[in-house]
Amino acid sequence: MTACRPAVAANEKIPFVDLSPQWRQIAADVMPDLAKLFDASAFTLGPWVERFEKAAADYLEVSHAVGVNSGTSALHLSLIAAGVGQGDAVLVPANTFVATAWAALYVGATPILCDVDGDSWAISVADAQRRLTHAVKAIMPVHLYGQPAAMDEVCSFAARHDLAVIEDAAQAFGARIDGRPVGGRGLCGCFSFYPAKNLGAVGEAGLVVTHDAEIAERVRRLRHHAQIRRYIHQELGFNYRMEGVQALVLLHKLRRLDGWTEERRQIAQRYLSGLAGLPLELPKVVNGDHVWHLFVVHTPERDRLQHHLSQRGIGTGLHYPVPLHRQPCFARFDFDRNSFPIADRNAQQCLSLPLFVGMTSAQIDAVMAAIRDYFGASA
Ligand SMILES: *Cc1c(COP(=O)(O)O)cnc(C)c1O
């Protein structure tokens, strides 16, 4: 079948991401299962959520996994469970999706933004060290774009200063360091199953993983209105429950994830070799096994290159165009906005190329040809 795929037609658009090939692979398995779930009215929490939690804990090599309704909720409950609150501070990379920092704000803590490493684009421990104060209680490394942060360094820094490590693994389900999946090295690991993530639900969902039984129990209670028994609420609780439908779909996707990750790696490999030699900074794999949630290149000509690709019907993304230290929502915090040179460079130069499960060889070639053409290189 693959051999007979037509080349990309001159007017064919290449989206930044297309989730429909994933659905086509699982639809025949999911639909009859969904009928069972509806028959059982297992809409929120329930047997499918428990099955997914078990499967995810096994896959991620952790003792406990607690399903929640988003990655943002996972981060929020993890900080509460870590005992971070009013008057505390949390080290957060400036180059991430804003939700990492929301978690600190939700618990009344101050996010202390840190610059990032120019190879992995994850938090710079050297910069975190410079910004450390006595108020800091936790550090939140983000495994950005699907590449692990330098966790050995993060964990020894955290151990020296008695900080909780809350991993934001929203973009990196299945990424590994020394063969072990990310998420299980700190106190908590947080995952998002937003549909476009490398493991995505058919709506909103998230997960907290931990090796600590008490933390797991607390998160389990907090997501369900902090009930210790029915209608007895121990503390301020939340409705952050995972839906059955999301767990069911995630179970089917998890079985295929290794194959899909391999497919992502092959697409990334094609880009890395096909774009080598152009005046374009390609992603570097410096920490462990990258799962290629995003393929992000850097160039000072980012806006023009993006426009050129868009003219040819090729979708791209920016992750992220405005770093956290320049967001209006952090205006009330007092710190030097000009002390984040690497995060600023990322914001100005980053460009995410199309990379998704089911992307055809012809589509990959068309993206590369359009980029080579922009730089005046022959195809
Ligand atoms: C997607 C994402 C989140 C938030 O996850 P939601 O499920 O959308 O709430 C948090 N952090 C990072 C780094 C993300 O990419």
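Please read all numbers here as calculations on a predicted model, not as lab measurements. Numbering of residues begins from 1 in every chain and follows the order in which that chain's sequence is written. Residues qualify for local features only when their pLDDT is at least 70, as the model is predicted, and side-chain atom pairs are given and counted only at 80 or more; totals for whole chains, interfaces and linings, by contrast, use all residues. The side-chain quantities take in all heavy atoms of the structure and omit both hydrogens and water.

A. Focus on a nonpolar patch on the surface. Without a salt bridge and with relative accessible area above 30%, a residue can belong to a patch; like charges are then joined within 9 Å and nonpolar side chains (Val, Leu, Ile, Met, Phe, Trp, Tyr) within 5 Å. Residue burial considers only the protein chains on display, and all accessible areas are found by Shrake-Rupley using a 1.4 Å probe. For this analysis, a salt bridge means a side-chain nitrogen from Lys or Arg found within 4 Å of a carboxyl oxygen belonging to Asp or Glu. Among the surface-exposed residues, W23, M31 and V202 lie close enough to one another that they form a single nonpolar patch of about 280 Å² accessible area. Mapping V202 onto the fold places it in the loop between β8 (188-192) and β9 (206-210). Only DSSP runs of H or I with at least four residues qualify as helices, and only runs of E with at least two residues qualify as strands; both kinds are numbered from the N terminus onward.

B. Layout of the site of the ligand. In the region of the ligand, 14 residues are neighbours, and G71, T72, D168, S192 and K197 sit closest. Whenever a nitrogen or oxygen atom comes within 3.5 Å of another N or O atom, the pair is scored as a polar contact, on the condition that within protein one atom can donate a hydrogen and the other can accept it, and that pairs from neighbouring residues in sequence are kept only if both atoms are in side chains. One of the backbone N or O atoms of G71 is found 2.8 Å from an oxygen atom in the ligand. In the environment of the ligand, an oxygen atom lies 2.9 Å from a nitrogen or oxygen atom belonging to the side chain of Q171. If you list the elements that add at least two residues to the shell around the ligand, you get α3 (71-81) and α4 (99-106). By convention in this text, a residue qualifies as near a molecule or strand provided that one of its non-hydrogen atoms is within 4 Å of it.

C. Up close: unusual backbone geometry. The linkage connecting H319 with the following residue, Y320, adopts the cis geometry, with an omega of 10 degrees. In this fold, Y320 is placed in the loop between α9 (302-311) and α10 (341-349). Even without a glycine there, the phi angle at L45 is positive, about 50 degrees. Position of L45 among the secondary structure elements: in the loop between α1 (20-40) and α2 (47-60). When a residue's accessible area, from a 1.4 Å probe over protein chains only, is under 20% of the maximum for its type it is buried; when over 50% it is exposed; and in between it is partly exposed. Given the relative accessible area of 14%, L45 is considered buried.

D. Quick peek at the sheet that holds β9. With mixed pairing, the seven strands of this open sheet are ordered in space as β1-β9-β8-β5-β4-β2-β3. The open sheet terminates on both sides in strands that have one partner only, identified here as β1 (64-68) and β3 (110-114). Between one strand and the next, the sheet's axes are offset by a mean angle of 25 degrees, whatever the strand orientation. When β8 meets β9, the two strands line up antiparallel, connected through four bridges. From the neighbouring strand, S192 faces β9, where its bridge partner is G206. The contact definition used throughout considers only heavy atoms, calling two residues in contact when any of these lie within 4.5 Å. Inter-axis angles, ranging from 0 to 180 degrees, are taken between N-to-C directions of lines fitted to C-alpha atoms, where helices are fitted over the stretch in contact. Taken strand by strand, α2 contacts β1, β8 and β9, and its axis lies near 130 degrees from that of β1. The strands touched by helix α7 (residues 213-222) are β1, β8 and β9; relative to β1, the strand with the most contacts, the crossing angle is about 15 degrees. Only strands that DSSP links by at least two bridges are regarded as paired with each other.

E. Expanded view of a negative patch on the surface. Only four residue types enter the charge count, namely Lys and Arg as positive and Asp and Glu as negative; His and the chain termini do not. In this description, the location of a charge corresponds to atom NZ of lysine, CZ of arginine, CG of aspartate or CD of glutamate. On the surface, D117, D152, E153 and D178 cluster together into a patch of negative charge. For D178, a relative accessible area of 73% puts it in the exposed group.

F. The arrangement of the pattern of salt bridges in detail. Counted by the stated rule, this structure contains 18 salt bridges. For D88, the salt bridge identified is with K137, shortest N-O distance 3.1 Å. Within this pair, whereas D88 is found in the loop between α3 and β2 (89-93), its partner K137 is found in strand β4 (residues 136-139), the two being separated by 49 residues in sequence. D88 sits in the buried class, given a relative accessible area of 13%. Residue K137 is classed as partly exposed on the basis of its relative accessible area of 36%.

G. Just the packing of α1 against helix α8 (residues 244-274), in detail. In the contact formed by α1 and α8, the axes pass within 9 Å of each other and the chain directions differ by 160 degrees. Taken as axis vectors, α1 and α8 run roughly antiparallel relative to one another. For α1 against α8, the interelement crossing comes out right-handed. Taken together, the residues of α8 that come into contact with α1 (itself represented by Q22, Q25, I26, D29, V30, D33, L34, L37 and F38) are G244, V245, L248, V249, H252, K253, R256, W260 and R264. Basically, the charged four are Asp, Glu, Lys and Arg, the nonpolar ten are Ala, Val, Leu, Ile, Met, Phe, Trp, Tyr, Cys and Pro, and anything else, Gly included, counts as polar. Taken together, the residues that form the contact of α1 with α8 break down as nine nonpolar, four polar and five charged. To sort the angles, those under 35 degrees are grouped as roughly parallel, those over 145 as roughly antiparallel, those from 65 to 115 as roughly perpendicular, and the leftovers as oblique. Here a crossing is called left-handed whenever its near helix is offset anticlockwise from the far helix by less than a right angle, and right-handed whenever the offset is clockwise.

H. Spatial organisation of the pairing of strand β5 (residues 164-168). In terms of burial, β5 is a largely internal element, five of the five residues being buried. Burial along β5 is two-sided: the residues A164, I166 and D168 and V165 and E167 are all buried. Inspection of the sheet shows β4 paired to β5 by two bridges, in the parallel sense. Counted as the bridge partner of A138 is A164 from β5. When the strands point away from the viewer and the path from the first strand over the helix to the second turns clockwise, the crossover is right-handed. The parallel pair β4 and β5 is bridged by helix α6 (residues 151-160), and the resulting crossover is right-handed. Pairing of β5 with β8 involves three bridges; the strand directions are parallel. Bridging from a neighbouring strand, I166 pairs with C188 of β8.

I. View of the state of the cysteines. When the sulfur atoms of two cysteines come within 2.5 Å, that pair is taken as a disulfide. Applying the stated criterion across every chain, the model contains zero disulfides. C114 carries a free sulfur, and the closest cysteine sulfur to it, the one in C155, is 15 Å from it. Given the relative accessible area of 0%, C114 is considered buried. In this structure C155 comes out as partly exposed when scored by relative accessible area, which is 23%.

Interpretation note: all reported values are geometric properties and have no functional meaning in isolation.
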